[in-house]
Amino acid sequence: MSGFPQVRLRRTRRAEFVRALVRQTRLHPAQLIAPLFVAEPAQAGPVPSMPGQRRLTLDELAHECAQLEKLGIAAVALFPAIDVKLKDERGTEALNPQGLVPRAIKRVKAECPGLGVMVDIALDPYTAHGHDGVLDESGEVDNDATVEILRQQALMLARAGADVLAPSDMMDGRVGAIRTVLERDGQKNTLILAYAAKYASSFYGPFRDAVGSAALLKGDKRSYQMDPANTDEALREVALDLAEGADIVMVKPGLPYLDVIHRVKARFGVPVAAYQVSGEYAMLKAAAANGWLDEKKTAMEALLCLRRAGADMILTYFARQAATWLREENP
Ligand code: PBG
């Protein structure tokens, strides 16, 4: 060695006690949110492109949530797989106060009051064309007409008891519209977690299988979700959502967008969520099933790296498994 032989970075890597002392990032179940698919019994069952994930009946949901709460998971994010017979051009079922999602919220809040309940604000599980909003005469997603419906969906779900509303639609102005209607209704404690930088990603494929929108979707979502090539635009999206009243901002997908997570955290210093999406989960599961990757090690590394990049919290289909592994390591 030349120069300064006293500098040996390997000293702090040699033994686990010192690796643990210098470790800058940790993963804890309280930082995880579990996305869960819910369905009526006729639509329930496994999701083939997401091994280990099911469309849960409300009974199965209650059972799953009790286990997640025991594992110390912070919250669940509910996504409905709606009977195709209930889907229409305007996503009318999204506003039904007796619908699947409001019933799921009430069930979870009644049985697991300590578990946070988050719900998606968007129309894609409910529309016959699979888009997140309603279409105008030319077939484009109509921003302002959609925001008007999202505001009603948000109010209905807040009244049903959701702790966190998560607009995932990427319409302009929806966070402000939702925050305004919540304030007017006296729902001042309802959190808004905005899908602020949501990209038009091909990694959402398995999710669309799970909620049954893949086969229905006409065209793509590039006229409202972000171009994967851009990051300055992500900062503008985040700035707007914060100004409009978002409490937490999300970057989605996760691993291919670590630079975006980092820029958002560095610039704004606000709570940041990352969504390790369905395609990221499917990739790891498929490689592990073939014996090509170690599932536990790669999943935990991916989650840790999302935290290192700047995410305070992570939505991940590995939530239950990761919390179980963490518990095994720190009983
Ligand atoms: C729909 C929504 C999507 C996801 C969450 N909410 C899909 C989409 O935008 O097409 C994707 C989640 C995942 O892939 O895990 N508003």
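Residues numbered from 1 in each chain as written. Predicted model: local features only at pLDDT ≥ 70, side-chain atom pairs only at ≥ 80, totals over all residues. Heavy atoms only, no water.

A.B. asks: I tried to follow helix H3 (residues 100–111) on my own but got confused; where do I start?
C.D. replies: Within an α-helix, residues lying three or four positions from one another point in the same direction, as the helix has 3.6 residues per turn. Under the 1.5 Å per step criterion, the end-to-end length of H3 is 17 Å for 12 residues, consistent within 8% with the ideal 16 Å. Every buried residue of H3 is listed here: Leu100, Val101, Pro102, Ala104, Ile105 and Val108. In the core, the buried residues of H3 are packed alongside strand E1 (32–39), helix H2 (58–70), strand E4 (75–81), strand E5 (116–121) and helix H4 (143–159). (Helix = DSSP H or I, 4+ residues; strand = E, 2+ residues; numbered from the N terminus. Expected span 1.5 Å × (residues − 1). Buried < 20%, exposed > 50% of the residue type's maximum accessible area, 1.4 Å probe, protein only. Contact = heavy atoms within 4.5 Å.)

A.B. asks: Please clarify how the nonpolar core should be interpreted in this entry.
C.D. replies: In a soluble, globular protein the nonpolar side chains are often hidden away together inside. Counting 106 residues, the largest nonpolar core has Leu61, Leu78 and Leu165 as the members making the most contacts within it. Other than its neighbours up to four places away in sequence, leucine 61 contacts Leu36, Val38, Leu56, Leu78, Ala104 and Val108. (Core = buried A, V, L, I, M, F, W, Y, C linked by side-chain atoms within 4.5 Å.)

A.B. asks: Can you walk me through the pattern of salt bridges in this structure?
C.D. replies: Where side chains of opposite charge bring their charged atoms close, a pairing between them can arise. For the structure shown, the criterion picks out 21 salt bridges. Two residues, arginine 222 and aspartate 220, come together in a salt bridge whose shortest N-O distance is 3.1 Å. Judged by relative accessible area, which is 63%, arginine 222 ranks as exposed. For aspartate 220, a relative accessible area of 38% puts it in the partly exposed group. For glutamate 295, the salt bridge identified is with lysine 285, shortest N-O distance 2.8 Å. Of this pair, glutamate 295 sits in helix H10 (residues 295–309) while lysine 285 is found in helix H9 (residues 278–289), placing the two residues 10 residues apart along the sequence. The class of glutamate 295 is partly exposed, set by a relative accessible area of 22%. Taken together, the shared-partner salt bridges connect Glu16, Arg19 and Arg23 into one network. (Salt bridge = Lys/Arg side-chain N within 4 Å of Asp/Glu carboxyl O.)

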